[in-house]
Protein chains: 2
Amino acid sequence: MTYGVGLKMDRGLIFMSDTRTNAGLDNIASFGKMRTWATEGERVIVLLSAGNLATAQAVGSLINERKGEFMALTSMFQAARFIGETIKEVIKMNADAPKGGGSFLASFILGGQIKGEEPRLYYIYPEGNFIESTPDTPYFQIGEHKYGKPILVRAYDAAMTFEDAVKLLLVSFDSTLKSNLSVGLPLDLQTYVGDSFKQGLQKRIDRNDPYYLTISEGWGEALKRAFASLPAFEG
Amino acid sequence: MTYGVGLKMDRGLIFMSDTRTNAGLDNIASFGKMRTWATEGERVIVLLSAGNLATAQAVGSLINERKGEFMALTSMFQAARFIGETIKEVIKMNADAPKGGGSFLASFILGGQIKGEEPRLYYIYPEGNFIESTPDTPYFQIGEHKYGKPILVRAYDAAMTFEDAVKLLLVSFDSTLKSNLSVGLPLDLQTYVGDSFKQGLQKRIDRNDPYYLTISEGWGEALKRAFASLPAFEG
C-alpha cells in the first residue's frame, strides 16, 4: 500500500508520501512515489502516486518522455488532463495482459502552480478523471488514508505555517505507520511556497531523523496528556 | 458498516458498539448490534456483531431459541464454539440464495465470564473459527476499525479504570463517527466487572448525551493543544 497527502495551504502546497511498496508481506521494497517537475520562475508541478507501482512508474516515465509538451501546458487543469490521458493510455497498454491476482489501477495527487494561476491541487482517479480541492476540502489523501485522517480533520488549518503543517503531516503519517505495515519509512517531503515558482524544500525523512523521532515519541505522550485532560465517565 | 470494540481490562470487560445499519447511503436504520445473556451469580455473556444484519440477527435468534443449551456451557471457549457453529449454520441456510450485490458474512466479538473461569474475550471470524485475546492484544475491533485505532494503540492500558476506559472508547468512536457516515449514534455500552457474575452498566448513548458531547467537543480542543505542544518543524 501507500500513504500520500497533498495539503493546500494559504501559503502554498505541501506534499508527503511514504516509500514502501509491497507484493505480499514477504516482498517489500522502497520506491519513491513523489515526482517533481520545475522550471524556475515559471512552474512547479508535483505528482504523488498510490496503487500499482508499474502503472505509476509508467505514467511518470511517459510524462518524462513528453516533458516538452507537458511543461508547455498553460494551466494546472491542462496538466491534470494530460496526466489523466496518460493514465488511460497505460491502463490500455495492459488491457490484454494475463490476469493475475492484482489490479493495474493507481490514483494520483497532483499539485503545483503555473505562472498566471494560483497554486492548485487535484486528485486524479484511476479512471483518469479528476477533482480539484476547494476551501471545503483543501487536502487530498491517497492510499491508506483512514488511520491518519482523524488528526487532519481536527488540526488542519489553511492558515498554518509550513512548519506546523509538516508537523501535522508527520503526526498523520506516524499514526498510519503504527497501524499498517505496508506503509513505511522513509518519507518524502516537498513544499512549495505560493508564487515562488521554484521548488521548495525537498527532504527525505528516515527512521533516524531527529525531528521525526521527536514527533513520533512526543505525540504518544501528548495524546496521553490530552486524553487525561478530559473528564472521566461517571457511570 | 459498524464499529464495535471489546476491551479486556484488569478489572473486567467493556463493550461498545454503534447502531447504524445501511443498505446504501440512502437507506439507513438503527439496530442494536449488542446482545447480552446473563444468569446472575453464574455467567454473563456479551456478543457484538458487524457485517450482514440478517446473519447477525439470525445468529442471535438461534442462540435465543437454544438458550437452555447455550447457558449450560461450561466455558467461554465452548460458548465461542457454539456461536461459531451457529454462524456456519446460518451461512449454510443462505448457500442456495440468489446472489445479489452483498455478502452474507458477519464477524463477532464475544466476551464474558462463566463461573470457574477468568473473564475471556474472543474474536469470531465469519467462517466460525475464532481467536482469544491475550495480554499482547487485549482488545478486538470489528467493522470500521481504522479511524478509531490510533487512540486505542496510544492510550489503552489494561490497568485503566472503567471510567477512563469508557472515555477511551468514546474518543475512538467519535473519531470514527466523524469520518464514516455508515457508523452512527446512538452507541451501546456494556460493562462487566470481573468476578461479579452480574451485568454491569448497560447504557445507550445518544447524540444529546452530555458526557458524549463533552468528549466530542473537548477532544477536538485537547488534540489541538497536544498538537501545539510539539515543536514545529525547522526546514
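Refer to the structure presented above.
The model shown is predicted, which means the values in this text are computed figures rather than measured ones.

**Some words on the sheet that holds strand β2 (residues 12-18) of chain B**
Residue and element names in this part refer to chain B.
So, point 1. Ordered in space as β10-β1-β2-β11-β12, the five strands form an open sheet in which the pairing is antiparallel. Of all the strands in the sheet, the pair left with one neighbour each is β10 (139-143) and β12 (202-205). Within this sheet the neighbouring strands show an average axis-to-axis angle of 10°, counted without direction.
So, point 2. Pairing between β2 and strand β11 (residues 187-193): seven bridges, direction antiparallel. Directly across from S17, in β11, lies its bridge partner D188.
So, point 3. Docked against the sheet, helix α5 (residues 162-177) engages β1 (3-9), β2, β11 and β12, running at close to 25° with respect to β2.

**A few points about the environment of E132 of chain B**
Residue and element names in this part refer to chain B.
So, point 1. For E132, the location among the structural elements is in strand β9 (residues 130-132).
So, point 2. Looking at E132, the relative accessible area reads 32%, which means it is partly exposed.
So, point 3. Once the C-alpha coordinates of E132 and Y3 are considered, the two residues, 129 residues apart in sequence, prove to be 19 Å apart.
So, point 4. Apart from the residues lying within four places of it in its own chain, the contact partners of E132 are R120, L121, Y122 and F140.
So, point 5. Within the local environment of E132, its side chain forms a polar contact with the side chain of R120, the two groups lying 2.8 Å apart.
So, point 6. At 3.4 Å, the side chain of E132 and the side chain of Y122 are in polar contact.

**Some words on the interface of chain B and chain A**
It is common to give the size of an interface as the accessible area that goes away when the parts come together.
So, point 1. If you look at the interface, chain B gives 44 residues, while chain A gives 44 residues.
So, point 2. Summed over both partners, the interface of chain B with chain A buries about 3,900 Å², with 72% contributed by carbon and sulfur atoms.
So, point 3. In terms of surface lost to chain A, no three residues of chain B exceed R154, F227 and F233 of chain B, which account for 25% of the buried area on that side.
So, point 4. Counting across the chain B and chain A interface gives four salt bridges.
So, point 5. Among the ionic pairs, E144 of chain B bridges to K146 of chain A, the shortest N-O distance being 2.7 Å.
So, point 6. On the surface where chain B and chain A come into contact, there are 18 residue pairs in polar contact (both at pLDDT 80 or more).

**Looking at unusual backbone geometry**
So, point 1. Here the amide bond leading from L185 of chain A into P186 of chain A is cis, since omega sits at -5°, within 30 degrees of zero.
So, point 2. One non-glycine residue, D195 of chain B, lies in the positive phi region at around 65°.
So, point 3. Position of D195 of chain B relative to the elements: it lies in the loop between β11 and β12.
So, point 4. Here D195 of chain B falls in the exposed class, since its relative accessible area comes to 52%.
So, point 5. The phi angle at F197 of chain B is positive, at roughly 50°, despite the residue not being glycine.
So, point 6. One can find F197 of chain B in the loop between β11 and β12.
So, point 7. You can call F197 of chain B buried: its relative accessible area is 7%.

**A look at the environment of A158 of chain B**
Residue and element names in this part refer to chain B.
So, point 1. By secondary structure assignment, the location of A158 is in the loop between α4 (149-155) and α5.
So, point 2. Residue A158 is classed as partly exposed on the basis of its relative accessible area, which comes to 23%.
So, point 3. Residues A158 and P135 lie 23 residues apart in sequence; the distance between their C-alpha atoms is 8.5 Å.
So, point 4. If sequence neighbours within four positions are ignored, A158 has contacts with M9 and D10.

**Side note on the packing of aromatic side chains**
So, point 1. Applying the stated criterion across every chain yields a total of 18 aromatic pairs over all chains.
So, point 2. The interplanar angle of 65° and the centroid separation of 5.0 Å between the aromatic rings of Y123 of chain A and Y125 of chain A together place this pair among those described as edge-to-face.
So, point 3. By relative accessible area, Y125 of chain A is classed as partly exposed at 28%.
So, point 4. When the ring of F70 of chain B is compared with that of F82 of chain B, the centres are 5.3 Å apart and the planes differ by 45°; the resulting orientation is tilted. Of this pair, F70 of chain B sits in helix α2 (residues 67-70) while F82 of chain B sits in helix α3 (residues 76-93), and the two are 12 residues apart along the sequence. Of the two residues, F70 of chain B and F82 of chain B, both sit in the buried class.
So, point 5. Taken together, the aromatic side chains of W37, F70 and F82 of chain A make up a single cluster linked through ring pairs.
So, point 6. For the cation-ring pair, K167 of chain A lies above F227 of chain B, with the distance from its terminal atom to the ring centre recorded as 4.4 Å.

Parameters and conventions
Residues numbered from 1 in each chain as written. Chains lettered and ligands numbered in written order. Predicted model: local features only at pLDDT ≥ 70, side-chain atom pairs only at ≥ 80, totals over all residues. Heavy atoms only, no water. Pairing = 2+ DSSP bridges. Helix = DSSP H or I, 4+ residues; strand = E, 2+ residues; numbered from the N terminus. Axes fitted to C-alpha atoms, helices over the stretch in contact; angles between N-to-C directions. Contact = heavy atoms within 4.5 Å. Buried < 20%, exposed > 50% of the residue type's maximum accessible area, 1.4 Å probe, protein only. Polar contact = N/O pair within 3.5 Å; in protein donor to acceptor, adjacent residues only side chain to side chain. Buried area = accessible area lost by both parts, 1.4 Å probe. Salt bridge = Lys/Arg side-chain N within 4 Å of Asp/Glu carboxyl O. Phe/Tyr/Trp six-rings, centres within 6.5 Å; stacked < 30°, edge-to-face > 60°. Lys NZ or Arg CZ within 6 Å of the ring centre and 35° of its normal.

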